[in-house]
Amino acid sequence: MITRREALQVLPMLACAPLVRADLAQQWEHNPGMLRVAFGSCMHQNKPQAFWEKIADLQPHRFVMLGDGVYPLRESPPHIIEDLQQAYAVAARSRELSAFRAQVPISAIWDDNDFGGSDIGGSFAHKLASRKMFLDFWVDSDAERQMRERPSGIYALWEWGSAERRTQLIVPDLRFSRSEWVAQSIGKRLAGLASGFGPYGLQGEDTTMLGEQQWLWIEACLRRPARLRILASSLPFSASARGWESWANMPHERQRLLDLVKQTGAGGIIVVSGDSHYGELSRLDEGPYPLWDLTASGLTEFWPKPGLNQHRVGPAFGRTNFGLLQVNWREPDPEVLLELRATGGDILIQKAIPLSTLQVPQA
């Protein structure tokens, strides 16, 4: 039997091999010191998509689709696979999305709607068929497809830049191997509804967000050298528990990631997330350094009354939006500039975070 130590020696060479090695910032000769990564989630294929042109105007080097890239009209068996096929067929006819993809590479992950139905996890019976449709639509290269067809999820790592600008884009899969949520009792659910809380309480320590194989993979990613690490989570990571889907519902799993950051000494982590149908900035101070999380949700879907979040910094925005991350590598202490923008282009949230503040303290 292979030991955990042996697995960690192999994983960096295989499962954690990056999909991109070129310095993307050099694509823009007029400003080679800048890095721009746009991101968003929750895009219904039947709704207008003029926002793609607005995002393209910002000249991002990459766009990260954080889940719910299509919405099936029905979310229950036996219709879900048929309806996913129809949803992707409609999305493929979007002239705006096609024009955007011709200009900007996209890294994508799924969430519940484009995986298999509302809030579902690893028990989804048709996840292999769903995976095929997802990869057929979003993945252009054979190398990426082969890597993401692993039996434990479609998680992936993109990596680019020279040593002083090395950037990781770590995209975990929060569906394929995740435990199913256990809802609270009817009494607790009814009591929480008045305050905007969802049906899920804190989950038991026997539950998992990633599955053991993916935990080994993410540890291997964090042990690779990088100056900036963009953790693209389909669910909010730093927000406090509010009964809807988030990492906070599995505090033992969120703590496991915080412990891995400390153990590996992985600096420079910024979280970008989706799912909630409103935009917000959260800060979690329970790790070795603050973990900032900009939630951008959604491109077409929004909830006008954002839920509670004790870790929120500033206001939340219940309107369609997308996110933008920028870094000027020519500065002595580069800052990560996080922006939440309305789909019309207006800046809703802006926060500059020096990379020097995102480091594990030396013992």
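Throughout, residues of each chain are indexed from 1 in the direction in which the sequence is written. pLDDT decides what is reported in this predicted model: residues at 70 or higher carry local features, side-chain atom pairs at 80 or more are listed and counted, and totals for whole chains, interfaces and linings draw on all residues regardless. Values shown for side chains rest on all heavy atoms present in the structure; no hydrogens or waters enter the calculation.

1. Observations regarding the side chain of glutamine 214
Line of reasoning, step 1. Here a strand is any run of E in DSSP of at least two residues, a helix any run of H or I of at least four, and the numbering for each starts at the N terminus. Mapped onto the fold, glutamine 214 is located in helix α9 (residues 212-223).
Line of reasoning, step 2. Judged by relative accessible area, which is 1%, glutamine 214 ranks as buried.
Line of reasoning, step 3. For this analysis, a polar contact is any N or O atom pair within 3.5 Å, provided that within protein one partner can donate a hydrogen and the other can accept it, and provided that sequence-adjacent residues contribute only side-chain to side-chain pairs. One polar contact links the side chain of glutamine 214 to the main-chain carbonyl oxygen of leucine 210, over a distance of 3.0 Å.
Line of reasoning, step 4. Here a residue-residue contact requires only that any non-hydrogen atoms of the pair lie within 4.5 Å. Setting aside residues no more than four positions away along its own chain, glutamine 214 makes contact with Ser152, Tyr155, Pro172 and Asp173. Each residue's exposure class comes from its accessible area (1.4 Å probe, protein chains only) as a fraction of the maximum for that residue type: buried when under 20%, exposed when over 50%, partly exposed otherwise.

2. Some points on the environment of arginine 254
Line of reasoning, step 1. Following the sequence through the fold, arginine 254 ends up in helix α10 (residues 251-264).
Line of reasoning, step 2. Taking the C-alpha atoms as reference points, arginine 254 and isoleucine 80, separated by 174 residues in sequence, lie 30 Å from one another.
Line of reasoning, step 3. In this view, arginine 254 contacts Phe237, Ser238, Ala239, Trp247, Ala248, Leu284, Glu286 and His311; residues no more than four positions away in its chain are not counted.

3. Structural notes on a nonpolar patch on the surface
Line of reasoning, step 1. Put simply, a patch holds well-exposed residues, over 30% relative accessible area, that have no salt bridge, with like charges counted together within 9 Å and Val, Leu, Ile, Met, Phe, Trp or Tyr side chains within 5 Å. We get accessible surface area from the Shrake-Rupley algorithm with a probe of 1.4 Å; when it comes to residues, only the shown protein chains can shield them. Each salt bridge in this description consists of a side-chain nitrogen of Lys or Arg and a carboxyl oxygen of Asp or Glu lying within 4 Å of one another. A grouping of Ile186, Leu190 and Leu193 is seen on the molecular surface, where their side chains present a nonpolar patch of about 330 Å² in accessible area.
Line of reasoning, step 2. With respect to the helices and strands, the residue leucine 193 is situated in helix α8 (residues 186-193).

4. Considering the nonpolar core
One recurring pattern in soluble globular proteins: nonpolar side chains tend to sit buried together.
Line of reasoning, step 1. In this text, buried Ala, Val, Leu, Ile, Met, Phe, Trp, Tyr and Cys residues form a nonpolar core when linked through side-chain atoms within 4.5 Å. Ranked by size, the top nonpolar core spans 99 residues in total, and within it Trp52, Phe63 and Leu228 carry the most contacts.
Line of reasoning, step 2. If we skip the residues at most four places from it in the chain, leucine 228 touches Leu35, Arg166, Thr167, Gln168, Gly268, Ile270, Leu325, Val327, Trp329, Val336 and Leu355.

5. So, the pairing of strand β9 (residues 291-295)
Regular strands place side chains that alternate from one sheet face to the opposite one.
Line of reasoning, step 1. Most of β9 sits out of view: five of its five residues are buried.
Line of reasoning, step 2. Every second residue of β9 is oriented toward a common face, with Leu291, Asp293 and Thr295 on one face and Trp292 and Leu294 on the other, all of them buried.
Line of reasoning, step 3. Note: two strands are recorded as paired if DSSP finds a minimum of 2 bridges between them. Pairing of strand β7 (residues 269-273) with β9, which is carried by three bridges, proceeds in the parallel orientation. Residue pairing in the sheet places valine 272 in a bridge with leucine 294 of β9.
Line of reasoning, step 4. Bridging between strand β8 (residues 280-284) and β9 involves five bridges; their strand directions are antiparallel. Across the sheet, the residue bridging to leucine 284 is leucine 291, located in β9.
Line of reasoning, step 5. Taking the residues between adjacent antiparallel strands as the criterion, β8 and β9 are bridged by six residues.

6. A closer look at the sheet that holds β9
Line of reasoning, step 1. Pairing is mixed in the open sheet, where six strands are placed in the order β4-β5-β6-β7-β9-β8. Lying at the two open borders of the sheet, with one neighbouring strand each, are β4 (156-160) and β8. On average, each strand axis in the sheet is tilted by 20° relative to the strand beside it, whichever way the strands run.
Line of reasoning, step 2. Across the sheet, α9 lies against β4, β5 (167-171), β6 (228-233) and β7, angled at about 170° from β5, the strand it touches most. Interaxial angle, 0 to 180 degrees, is taken between N-to-C directions of lines fitted to C-alpha atoms, where a helix line uses only the stretch in contact.

7. A few points about unusual backbone geometry
Line of reasoning, step 1. Cis peptide bonds are those with omega within 30 degrees of zero, and the linkage from serine 297 to glycine 298 qualifies with 0°.
Line of reasoning, step 2. As for its position among the elements, glycine 298 is in the loop between β9 and β10 (321-328).
Line of reasoning, step 3. One non-glycine residue, cysteine 42, adopts positive backbone phi at about 60°.
Line of reasoning, step 4. With respect to the helices and strands, the residue cysteine 42 is situated in the loop between β1 (34-40) and α2 (51-57).

8. Some thoughts on the pattern of salt bridges
Any two side chains of opposite charge can pair if their charged atoms end up close together.
Line of reasoning, step 1. Under the criterion given, the structure shown has 18 salt bridges.
Line of reasoning, step 2. Between arginine 145 and aspartate 136 there is a salt bridge, with the nearest N and O atoms lying 2.8 Å from each other.
Line of reasoning, step 3. With a relative accessible area of 42%, aspartate 136 lands in the partly exposed category.
Line of reasoning, step 4. The salt bridge partner of arginine 148 is glutamate 144, with a shortest N-O separation of 2.9 Å. Here the residue arginine 148 and the residue glutamate 144 both occupy positions in helix α7 (residues 142-148), the gap between them amounting to four residues, near one helical turn.

9. Let's talk about the sheet that holds strand β11 (residues 335-342)
Line of reasoning, step 1. The strand order β3-β2-β1-β10-β11-β12 describes an open sheet built from six strands, whose pairing is mixed. Strand pairing shows two members of the sheet lacking a second neighbour, β3 (106-108) and β12 (347-354), which therefore form its edges. Pairwise comparison of adjacent strand axes, ignoring direction, gives a mean angle of 20° for this sheet.
Line of reasoning, step 2. Relative to strand β2 (residues 62-65), β1 runs parallel, the two sharing four bridges. Looking at β2, one finds that glycine 40 is bridged to methionine 65.

10. A few points about the confidence of the model for the chain
Line of reasoning, step 1. Across the chain, each position has a pLDDT score giving the predictor's confidence in that residue, from 0 to 100. In the predicted model, the chain carries a mean pLDDT of 92, and 92% of its residues have values of at least 70.
Line of reasoning, step 2. Mean pLDDT values over the elements of the chain span from 43, in helix α1 (residues 4-10), up to 99, in β9.
Line of reasoning, step 3. Overall, residues 1-14 carries pLDDT values under 50, and its contacts beyond four positions in sequence, including any with other chains, amount to 17 contacts.
Line of reasoning, step 4. Low pLDDT, under 50, characterises residues 21-30; the stretch is placed with 21 contacts to residues that sit more than four places away or in other chains.

11. Digging into the packing of aromatic side chains
Line of reasoning, step 1. Each pair of aromatic rings taken from Phe, Tyr and Trp, with Trp reduced to its six-membered ring, is defined by centres within 6.5 Å and is described as stacked if the planes are under 30 degrees apart, edge-to-face if over 60, and tilted in the remaining cases. The full count for this structure, using the stated rule, is 13 aromatic pairs.
Line of reasoning, step 2. Between phenylalanine 51 and tryptophan 52, the ring centres sit 5.1 Å apart and the planes meet at 50°, which makes this aromatic pair tilted. Like phenylalanine 51, the residue tryptophan 52 is buried in the burial classification.
Line of reasoning, step 3. The interplanar angle of 85° and the centroid separation of 5.7 Å between the aromatic rings of phenylalanine 63 and phenylalanine 100 together place this pair among those described as edge-to-face. Taken together, the residues phenylalanine 63 in strand β2 and phenylalanine 100 in helix α4 (residues 95-103) connect sequence positions 37 residues apart. One exposure class covers both phenylalanine 63 and phenylalanine 100, and it is buried.
Line of reasoning, step 4. One aromatic cluster is present, built from ring pairs that chain together Phe51, Trp52, Phe63 and Phe100.
Line of reasoning, step 5. Whether a charge lies above a ring is judged from NZ of Lys or CZ of Arg, which has to be within 6 Å of the ring centre and within 35 degrees of the ring normal. Directly above the ring of phenylalanine 176 sits lysine 127, whose terminal nitrogen or CZ lies 4.3 Å from the centroid.
Line of reasoning, step 6. Here the basic side chain of arginine 150 rests over the ring of tyrosine 155, its NZ or CZ set 3.9 Å away from the ring centre.

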